[in-house]
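# Understanding the architecture of this molecule
Chain residues, written in single-letter form:
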Amino acid sequence: MDEAYEALPALILDEGLAPGTPLRIDTIAKDWGVSPTPLREALAKLENTGLVQRVPHRGYTVAPLLDDAGFRELIAARLLIEPYNARQACERDASGTTRVLVEHHKEMASAADQRETDDFRAYMQADSTFHAAIAEAAGNRFLVAAIDPLGAHIQRFRRFTGGRITDTAEALAEHAAVLSAFEAGDAAACEAAMRTHLEGVAHRSFGH
């Protein structure tokens with residue numbers, strides 16, 4: 001089930017599935033060459049994240065997008081979790097986290113340079129792995145589990161309300177500030193830089 005749980009959000013995001021798109025278990029199971037049972041279990045679990053919903057007599061569909069109020073709640077949740085993660089990761093292993101983040105930052109910069117105008121999947125994936133690496137380094141498995149669906153909501157909101165990603169320079173600069181704080185081993189600066197980044201994401205998302 002774990003593999004299906006991780007693959008389903010990727011399917012929704014990579015294929016750009018619109019809200020209301022049916023997620024037919026038998027069809028997906030056949031396409032992926034897996035049993036329907038773990039897919040059914042994964043969809044039931046994924047429903048709790050708000051990415052899919054179960055509709056009577058129709059089965060599972062891609063959930064509606066967050067409205068502005070929902071997106072503000074999402075940002076508020078990330079602002080509670082991710083600055084804390086950054087501080088904890090720095091306090092636990094600043095140098096080790098730095099080494100990982102350097103690579104992810106390079107991947108994100110490369111994806112920003114190489115992506116086609118309307119293709120931002122590689123860029124958004126690199127962005128997600130940067131945040132996930134910090135969550136993992138913070139050492140709280142419950143917060144790690146919370147990061148993926150929160151990030152997926154951000155990606156869906158921006159994809160369907162803004163279309164193109166036009167803030168790569170700003171986001172890369174904000175990630176660079178987070179990375180610099182880890183390089184300095186300054187936990188308070190890591191927390192502050194992550195908070196600034198998320199506030200920037202919120203501002204730019206509503207500005208599209």
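Remember, predicted model here, so these are calculated numbers, not experimental data.

## Quick word on the overall build of the protein chain
A count of helices and strands for the protein chain gives eight helices and two strands. Each helix and strand of the protein chain, ordered N terminal to C terminal, gives the series α-α-α-β-β-α-α-α-α-α. Split into buried and exposed, the 208 residues of the protein chain put 45% on the buried side. Within the protein chain, contacts between residues separated by at least 24 positions form 76% of all contacts whose residues are at least 6 apart in sequence. When the accessible surface of the protein chain is summed, it comes to about 10,600 Å², and 50% of that surface belongs to carbon and sulfur atoms.

## Here's the deal with helix α3 (residues 36-47)
Relative to the 16 Å expected for twelve residues at 1.5 Å per residue, α3 spans 16 Å between its end C-alpha atoms, a close match to the ideal helical length. L39, A42, L43 and L46 are the residues of α3 that are buried. Considered in projection along α3, the buried side chains sweep an arc of 100 degrees and stay on one side of the axis.

## A word on the side chain of N85
Note that N85 resides in helix α4 (residues 68-114). With relative accessibility at 2%, the residue N85 sits in the buried group. Discounting residues that sit within four places of it in the chain, N85 has contacts with I134, A135, A138, L143 and I147.

## A short note on the packing of aromatic side chains
Following the criterion strictly, the structure yields zero aromatic pairs and no others. Sitting over the face of the ring of Y60, R54 holds its NZ or CZ atom 5.9 Å from the ring centroid.

## A short note on the nonpolar core
L101, I134, V178 and F182 are the most contacted members of the largest nonpolar core, which totals 29 residues. Contributing elements (two or more residues each) for this core: α4, α5 (121-138), α6 (141-162), α7 (168-184) and α8 (187-207). Discounting residues that sit within four places of it in the chain, F182 has contacts with A86, A89, C90, A94, T97, T98, L101, I134 and C190. L23, L39, A42 and V62 belong to the second-largest nonpolar core, a separate cluster that totals 20 residues.

## A short note on the pattern of salt bridges
According to the stated counting rule, one finds five salt bridges in the structure shown. Between E103 and K106 there is a salt bridge, with its nearest N and O atoms 3.9 Å apart. Here K106 and E103 lie together in helix α4, a separation of three residues that amounts to about one turn. The class for E103 is partly exposed, based on a relative accessible area of 42%. In this structure K106 comes out as exposed when scored by relative accessible area, which is 52%.

## Points about the packing of helix α2 (residues 25-32) against α3
Between α2 and α3, the least distance of the axes is 9 Å, while the angle of their chain directions is 125 degrees. In terms of their interaxial angle, α2 and α3 are classed as oblique. Here the hand of the crossing between α2 and α3 comes out right-handed. Side by side, α2 and α3 meet where I25, D26, I28, A29 and W32 of the first sit next to P36, L39, R40 and L43 of the second. Per-class residue counts for the contact of α2 with α3 are seven nonpolar, no polar and two charged.

The rules behind these values
- Residues numbered from 1 in each chain as written.
- Predicted model: local features only at pLDDT ≥ 70, side-chain atom pairs only at ≥ 80, totals over all residues.
- Heavy atoms only, no water.
- Helix = DSSP H or I, 4+ residues; strand = E, 2+ residues; numbered from the N terminus.
- Buried < 20%, exposed > 50% of the residue type's maximum accessible area, 1.4 Å probe, protein only.
- Contact = heavy atoms within 4.5 Å.
- Areas by Shrake-Rupley, 256 points an atom, 1.4 Å probe, with all protein chains shown as cover.
- Expected span 1.5 Å × (residues − 1).
- Arc of directions from axis to C-beta.
- Phe/Tyr/Trp six-rings, centres within 6.5 Å; stacked < 30°, edge-to-face > 60°.
- Lys NZ or Arg CZ within 6 Å of the ring centre and 35° of its normal.
- Core = buried A, V, L, I, M, F, W, Y, C linked by side-chain atoms within 4.5 Å.
- Salt bridge = Lys/Arg side-chain N within 4 Å of Asp/Glu carboxyl O.
- Axes fitted to C-alpha atoms, helices over the stretch in contact; angles between N-to-C directions.
- Parallel < 35°, antiparallel > 145°, perpendicular 65-115°, else oblique.
- Left-handed = near helix turned anticlockwise from the far one by under 90°.
- Nonpolar A, V, L, I, M, F, W, Y, C, P; charged D, E, K, R; others polar.

Don't take any of this as a statement about function, it's just geometry.
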